[in-house]
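Per-entry structural report
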Amino acid sequence: MRHFLASRGFWLVLGLPLYYVLYQIGQVLWVRSSALGPDPAQALVTLLGEIALWMLILVLGVSPFRQLFHFKQLQRQRRAMGVACFGYALLHWIAYAALLLEWQWEALGEDLLERPYIIVGFLAGLILLAMAVTSNDWSVRRLSSRWKRLHRWGYLAAVLVVLHVFWIARSNYFEILVYALVVVGLLAARGSWFVKKMKAFKEI
Ligand code: HEM
């Protein structure tokens, strides 16, 4: 298990959602144009966004999981998971620009006014970008304690994405409630860990 987590095989697992997306695109192009529903472009943007959000939840879930089950190996792979999360968020953004905006940048301003939730998603995307580019040993050494602080912004990214999704919703509020509860749970887990650390610090 330890070896697998450190191997390229782990990247293949992180790529599983991508194979699924490619399979769906293949279906739409060559088998059944309605495979992704009546609006495949919008469905694809949504699918990639959902994958990115679940990946972000998994990344933030690593620390509580590790503390609960003393499973240190997964912590080492957190960075790979974070990079994969950013990759899916980037694909989500590219799908938006290519399929919904059709690369018409002059329409972006109008779209931002009409759909301000895009700005919120963009801010979350910027945080993911900052985390992805600093996911290497050099940045960990260089930023030292600031690295941890920067990577805690992942929680803010998750809150922003829930807001992004909430803003978009026209129905199915149950799904958003699930996302919101999971993110609140992760923040609470983070908080209780923080409180324990503070107490331990005071006892020294
Ligand atoms: C980079 C900036 C971003 C842009 C421009 C953007 C744009 C969009 C757009 C236009 C939609 C709506 C598609 C529709 O019409 O139904 C959408 C949905 C979604 N986005 Fe983003 N987004 C961004 C960042 C993110 C990030 C960083 C995440 C997650 C990590 C995310 C997660 C989602 C999810 C889950 C949905 C689906 C909501 C639903 O259930 O309908 N987005 N995004």
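You'll find the structure just up there.
Residues numbered from 1 in each chain as written. Predicted model: local features only at pLDDT ≥ 70, side-chain atom pairs only at ≥ 80, totals over all residues.

Concerning the overall build of the chain
The helix and strand inventory of the chain stands at 11 helices and 0 strands. Secondary structure elements of the chain, listed N to C terminal, follow the sequence α-α-α-α-α-α-α-α-α-α-α. Seen along its three principal axes, the alpha-carbon backbone of the chain occupies a region of about 60 × 40 × 35 Å. In the chain, which comprises 204 residues, the share counted as buried stands at 20%. Considering only contacts within the chain whose residues lie at least 6 apart along the sequence, 68% involve residues at least 24 apart. (Helix = DSSP H or I, 4+ residues; strand = E, 2+ residues; numbered from the N terminus. Buried ≥ 20, exposed ≤ 12 C-beta atoms within 10 Å, placed from the backbone. Contact = placed C-beta atoms within 7 Å.)

Re the packing of helix α7 (residues 117-133) against helix α10 (residues 153-168)
Two elements in contact, α7 and α10, have axes separated by 8 Å at closest approach and are oriented at 155°. Here α7 lies roughly antiparallel to α10, going by the angle between them. The two elements α7 and α10 meet at a crossing, and its hand is left-handed. Along its contact with α7, which presents Y117, V120, G121, L123, A124, I127, L128 and M131, the element α10 presents W153, G154, L156, A157, L160, V161, L163, H164, W167 and I168. (Axes fitted to C-alpha atoms, helices over the stretch in contact; angles between N-to-C directions. Parallel < 35°, antiparallel > 145°, perpendicular 65-115°, else oblique. Left-handed = near helix turned anticlockwise from the far one by under 90°.)

Thoughts on the environment of L91
Take L91: it is sitting in helix α5 (residues 72-100). With 20 C-beta atoms counted inside 10 Å, the residue L91 sits in the buried group.

A few points about the site of the ligand
Of all residues adjacent to the ligand, which total 23 residues, the nearest are G49, A52, W93, G121 and G125. Among the secondary structure elements, those contributing two or more residues to the shell around the ligand are α4 (40-69), α5, α7 and α10. With 8 residues, the single largest contributor to the shell around the ligand is α4. Grouping the amino acids of the shell around the ligand by side-chain chemistry returns 15 nonpolar, 7 polar and 1 charged. (Near = placed C-beta within 6 Å. Nonpolar A, V, L, I, M, F, W, Y, C, P; charged D, E, K, R; others polar.)

A word on the environment of I94
Looking at the secondary structure, you find I94 in helix α5. On the neighbour-count criterion, I94 (12 C-beta atoms within 10 Å) is exposed. The spatial distance from the C-alpha of I94 to the C-alpha of A157 is 19 Å, given a sequence separation of 63 residues.

A few points about the packing of α4 against α10
Between α4 and α10, the shortest axis-to-axis distance is 10 Å and the interhelical angle comes to 145°. The chirality of how α4 crosses α10 is left-handed. Counted together, L53, L56, I57, V59 and L60 of α4 and G154, Y155, A157, A158 and V161 of α10 form the full contact between these two elements. Of the residues assigned to the contact of α4 with α10, the class counts are 9 nonpolar, 1 polar and no charged.

As for the nonpolar core
Residues L48, A52, M55, L56, C85, Y88 and V161 are the most contacted members of the largest nonpolar core, which totals 31 residues. Those elements that place two or more of their residues in this core are α4, α5, α7 and α10. Here this core takes 11 residues from α4, the largest share from any one element. (Core = buried A, V, L, I, M, F, W, Y, C linked by C-beta atoms within 7 Å.)

A short note on the environment of G185
Tracing the backbone through its elements, the reader meets G185 in helix α11 (residues 173-203). For G185, a count of 14 C-beta atoms within 10 Å puts it in the partly exposed group. Through-space distance from the C-alpha of G185 to that of G61 is 9.5 Å; in sequence the pair is 124 residues apart.

The values are spatial; any link to function lies outside them.
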